[in-house]
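# Notes for the structure review
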Amino acid sequence: MGTLDAYRALFDLSGRSALVIGAGSGIGKAGAEALAAFGADVVCADLDVDAAERTAAGIAADGGRATSAPVDIGDPDTIRAVVAEPDVVVCTPAINVRKPMLSITPDEFRRVVDLNLAGTFNVMTIVAAGMADRGRGSIIVISSIRSQVVEPGQGVYAATKAGVVQMVKTLAAELGPRGVRVNALAPGVVETPLTEQIKADPDWYEAYASKSALGRWARPEEMAGAIVYLASDAASFVTGSLLVVDGGWLAVDGRFTPPLPE
Ligand SMILES: NC(=O)c1ccc[n+]([C@@H]2O[C@H](COP(=O)([O-])OP(=O)(O)OC[C@H]3O[C@@H](n4cnc5c(N)ncnc54)[C@H](O)[C@@H]3O)[C@@H](O)[C@H]2O)c1
């Protein structure tokens with residue numbers, strides 16, 4: 001293979017298998033479609049198996065390779081049942097309960113932590129064991145800008161998103177010598193069912209749009225490039241990292257634009 005061909009092959013996922021959990025909606029759906037577009041054989045998994053099936057059918061109808069499977073990341077047996085030696089695993093499911101810390105009930109705390117942190121832990125550890133045995137693999141979990149900055153109402157969600165980053169770093173440290181890469185993605189605000197509550201409130205929606213340097217929300221497909229990158233050989237030296245895809249949200253303070261000369 002010539003030098004340029006070798007570079008062109010960096011993003012080629014032909015012959016790779018990918019498991020995308022959360023593929024029924026939002027960022028997971030876009031990630032599954034994009035991985036298939038670059039040649040991966042994708043298992044679209046979700047608690048909502050009908051939604052996963054719709055994603056897989058859409059990929060297949062478009063000439064890609066995809067199947068679907070039911071997975072509940074809170075139930076390790078359902079993860080074990082679907083793991084068929086994937087080269088790439090993407091784990092997206094999470095929920096947010098937007099309430100002041102003093103109003104969050106123990107049950108709400110547990111629901112958020114159980115899904116976002118314990119569920120992600122289940123996926124990471126179950127799939128990583130096989131990857132380490134095979135000596136290769138890329139695990140991609142979805143954190144958030146909320147792992148870095150918060151606002152009122154984000155307490156438990158933000159804690160889980162920061163926790164996920166530390167688990168990513170630790171697993172990357174433990175399995176780097178065995179050929180497994182582990183990374184996290186930190187999206188900014190993305191229009192998906194998860195953020196419908198915000199979209200329904202024009203002031204809230206607009207405030208978020210204008211916070212980022214790009215002055216708008218992201219579409220789920222705008223997370224796909226980062227997922228393909230982390231999955232592929234283009235990221236062969238990338239592990240333990242938090243890849244921020246936030247339209248400049250974290251870069252800009254945003255509280256005030258000073259009066260400046262033209
Ligand atoms: N949307 C945003 O603005 C945004 C911003 C930052 C981070 N994120 C993160 O991105 C990730 C994906 O978010 P999204 O907006 O695509 O969400 P989404 O709600 O659109 O999709 C989540 C998917 O996960 C599935 N799911 C829920 N519980 C599950 C379980 N127990 N087992 C398996 N599947 C389950 C749902 O059925 C759904 O298909 C989340 O981790 C979220 O925290 C989202």
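All figures in this text were calculated on a predicted structure; none of them were measured in a lab.

Per the secondary structure count, the protein includes nine helices and seven strands. Computed over its C-alpha atoms, the radius of gyration of the protein comes to 19 Å, within 12% of the 18 Å expected for a compact globule of 262 residues. Each of the three principal axes of the protein carries a C-alpha extent, and together these read 55 × 50 × 40 Å. With 262 residues in all, the protein has 41% of them scored as buried. Of the contacts made within the protein by residues no fewer than 6 positions apart, 72% connect residues no fewer than 24 positions apart.

This next bit is on the site of the ligand. Around the ligand sit 29 residues, and of these Gly24, Ser25, Gly26, Ala94 and Thr192 come closest. Where the shell around the ligand is concerned, the elements lending two or more residues are helix H2 (26-37) and helix H5 (106-134). Classifying every residue of the shell around the ligand by side-chain character gives 15 nonpolar, 11 polar and three charged.

With 65 residues, the main nonpolar core has Val20, Leu35, Val42 and Ile227 as its most contacted residues. Tallying contributions element by element places helix H9 (residues 224-231) first for this core, with seven residues. Beyond its immediate sequence surroundings of up to four residues, Ile227 is in contact with Gly31, Ala34, Leu35, Val90, Ile140 and Leu185.

The rules behind the values
Residues numbered from 1 in each chain as written. Predicted model: local features only at pLDDT ≥ 70, side-chain atom pairs only at ≥ 80, totals over all residues. Helix = DSSP H or I, 4+ residues; strand = E, 2+ residues; numbered from the N terminus. Rg over C-alpha atoms; globule rule 2.2 N^0.38 Å. Buried ≥ 20, exposed ≤ 12 C-beta atoms within 10 Å, placed from the backbone. Contact = placed C-beta atoms within 7 Å. Near = placed C-beta within 6 Å. Nonpolar A, V, L, I, M, F, W, Y, C, P; charged D, E, K, R; others polar. Core = buried A, V, L, I, M, F, W, Y, C linked by C-beta atoms within 7 Å.

Any functional reading would require information beyond the geometric quantities listed.
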